[in-house]
Amino acid sequence: MKHIHAFGLGAATALGMTALAMLPASAAWQPNKPVEFIVPAGTGGGADQMARTLQGIIAKHDLMPTQLVVINKSGGAGGEGFLDVKSSKGNPHKIVISLSNLFTTPLATGIPFNWKDLTPVAMLALDEFVLWVNAQEPYKTAGDYVAAIKAAPDNTFKMGGTGSKQEDQIITVAFEKAVGKKITYIPYKGGGEVAVQLVGGHINSSVNNPIEAVSQWRGDKVRPLCVFDSKQLTYTDKILGDQSWSSIPTCKSAGVDVEYLMLRGVFMPPGVSQEQVDYFIDLFKRVRETPEWKQLMKDGAFNQTFMSGDEFKAWLDQSEKTHKGLMQEAGFIAGN
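Help me understand unusual backbone geometry in this model?
In terms of backbone geometry, most residues other than glycine have negative phi values and most peptide bonds are trans. Despite not being glycine, D62 has its phi angle at roughly 50°, a positive value. When you line up the elements, D62 lands in the loop between α3 (46–60) and β4 (68–72). The backbone of N155 shows a phi angle near 65°, a positive value even though the residue is not glycine. Looking at where N155 falls in the secondary structure, it is placed in the loop between α6 (142–151) and β8 (158–162).

Here it is in structure tokens:
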């Protein structure tokens, strides 16, 4: 809501309504110093890439009066970043990008943090997960890879992922159950490192997000086998030869009944005003209209669902319950 500077009735009449309408509005709240954008994950991963893309878009299109400064705080599976924002009560110059470690980190580590300790701003998108192998491997389909795993002793195959007891390992445990074989899970600091390790042949597969491995796919270094979603992706732009994101079958269609989508959202510290929250909701709505954001959505094959307000809070409530169930099933709850 914009507030017009107050003038006496006589002054307003003298100026005339046209002149009054041209007077600058005293803006609703906006930042007056650089805004810290906390990334509770390592560099090169999906959250980091999205945060830095947002930073670049906002600067290029002059969407904020101050700078957005990206700061990685990945310690404790992202707990370092979340606790920093939690402790910054009432500070509107700090925001955090969230992924599923918003739920998994406190459940796995027992740190004193819950998403309700923060102020939800908006869901920017939902991120997909893809089963990847090195392009030099003989597996052309998820069925080929599953057959090889089943034919080998337990723990023969290595799956790389970001962090321990986080979404990548949750998917790996579900994958193991679907396949009926144990797989060695190897945690890395971020999705960028996971992709490098897969290209180097140090792991057999990964469950990276699309944006974390698209450049390696373009370079014919890795191969996508299936997507962990209920339906195929819709993006038809060619990535490698005639292949596009829409070419990738679902893991379910290959007999691997595993589905998982990950949050990409933004939160603020507790104790900020609704006016301050609304500023960032409006900011990200404007970001979504830029060609650079639309390109990121294509490159990363994102589900472009956007939510804010009560709708977003209801989604977070349900997602927390879902993750608690998955974590319990995998034996990842702290103290259990």
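Let us keep going from here.
When you look at the packing of aromatic side chains in this model, what are you seeing that I'm missing?
The way to describe two aromatic rings as a pair is by their centre distance and the angle between their planes. All told, the structure shown has twelve aromatic pairs when counted by the stated rule. A ring pair is formed by W29 and F280, whose centres lie 6.1 Å apart and whose planes are at 45°; its orientation type is tilted. Here W29, found in the loop between β2 (25–26) and β3 (35–39), pairs with F280, found in helix α10 (residues 274–287); they are 251 residues apart in sequence, far enough to count as distant. A relative accessible area of 17% places W29 in the buried class. A residue is classified by how much of its surface remains accessible, and F280, at 0% relative accessible area, is buried. Residues W132 and W245 carry aromatic rings whose centres are separated by 6.1 Å and whose planes lie at 85° to one another, so their mutual orientation is edge-to-face. Within this pair, whereas W132 is found in strand β7 (residues 130–134), its partner W245 is found in the loop between β13 (243–244) and β14 (262–268), the two being separated by 113 residues in sequence. Neither W132 nor W245 differs from the other in exposure class; each is buried. Put simply, the rings of W29, Y279 and F280 pair up and form one aromatic cluster.

Teacher, can you tell me more about the nonpolar core here?
In this structure, F175, W245 and F280 are the most contacted members of the largest nonpolar core, which totals 80 residues. Looking at this core, the element that brings in the most residues is α10, giving seven residues. When residues no more than four places from it in sequence are discounted, the contact partners of F175 are L131, Y145, V146, I149, M159, I183, F228, V256 and V258. Of all hydrophobic cores here, the second largest spans 16 residues; its members include F113, L263, F267 and F312.

Can you help me understand the sheet that holds β14 in this one?
Strand pairing within a sheet occurs via backbone hydrogen bonds; the two strands may be parallel or antiparallel. Read from one edge to the other, the open sheet built from six strands follows the order β4-β3-β5-β14-β6-β15, with strand pairing classed as mixed. Looking at which strands have only one partner, the edges of the open sheet turn out to be β4 and β15 (307–308). Where strand β6 (residues 119–127) lies against β14, seven bridges are found, and the strand directions are antiparallel. Its bridge partner being in β14, A125 is matched across the sheet by R264. The sheet contacts of α3 involve β3, β4, β5 (94–98), β6 and β14, and relative to β4 the element is tilted by about 165°.

Is there a simple way to explain the side chain of D168 in this structure?
Mapped onto the secondary structure, D168 falls in helix α7 (residues 167–179). The buried charged residue D168 lacks any salt bridge partner; its closest oppositely charged side chain belongs to R264, at an N-O distance of 7.9 Å. Within the local environment of D168, its side chain forms a polar contact with the backbone nitrogen of T162, the two atoms lying 2.9 Å apart.

Any chance you could explain the pattern of salt bridges here in plain terms?
Oppositely charged side chains are able to pair whenever their charged atoms sit close together. Counted by the stated rule, this structure contains 14 salt bridges. The shortest N-O distance in the salt bridge between E36 and K94 comes to 3.6 Å. One end of the pair, E36, is in strand β3; the other, K94, is in strand β5, and 58 residues separate them in sequence. Residue E36 is classed as partly exposed on the basis of its relative accessible area of 29%. Here D117 makes a salt bridge to K86, at a shortest N to O gap of 3.6 Å. On the criterion of sequence distance, the pair formed by D117 in the loop between α5 (101–109) and β6 and K86 in helix α4 (residues 79–86) is long-range, its members being 31 residues apart. The exposure class of D117 is partly exposed, given its relative accessible area of 24%. Here the residues in one salt-bridge network are E36, K73, D84 and K94, joined through shared partners.

Criteria and thresholds
Residues numbered from 1 in each chain as written. Predicted model: local features only at pLDDT ≥ 70, side-chain atom pairs only at ≥ 80, totals over all residues. Heavy atoms only, no water. Helix = DSSP H or I, 4+ residues; strand = E, 2+ residues; numbered from the N terminus. Phe/Tyr/Trp six-rings, centres within 6.5 Å; stacked < 30°, edge-to-face > 60°. Buried < 20%, exposed > 50% of the residue type's maximum accessible area, 1.4 Å probe, protein only. Core = buried A, V, L, I, M, F, W, Y, C linked by side-chain atoms within 4.5 Å. Contact = heavy atoms within 4.5 Å. Pairing = 2+ DSSP bridges. Axes fitted to C-alpha atoms, helices over the stretch in contact; angles between N-to-C directions. Lys, Arg positive; Asp, Glu negative; His and termini not counted. Salt bridge = Lys/Arg side-chain N within 4 Å of Asp/Glu carboxyl O. Polar contact = N/O pair within 3.5 Å; in protein donor to acceptor, adjacent residues only side chain to side chain.

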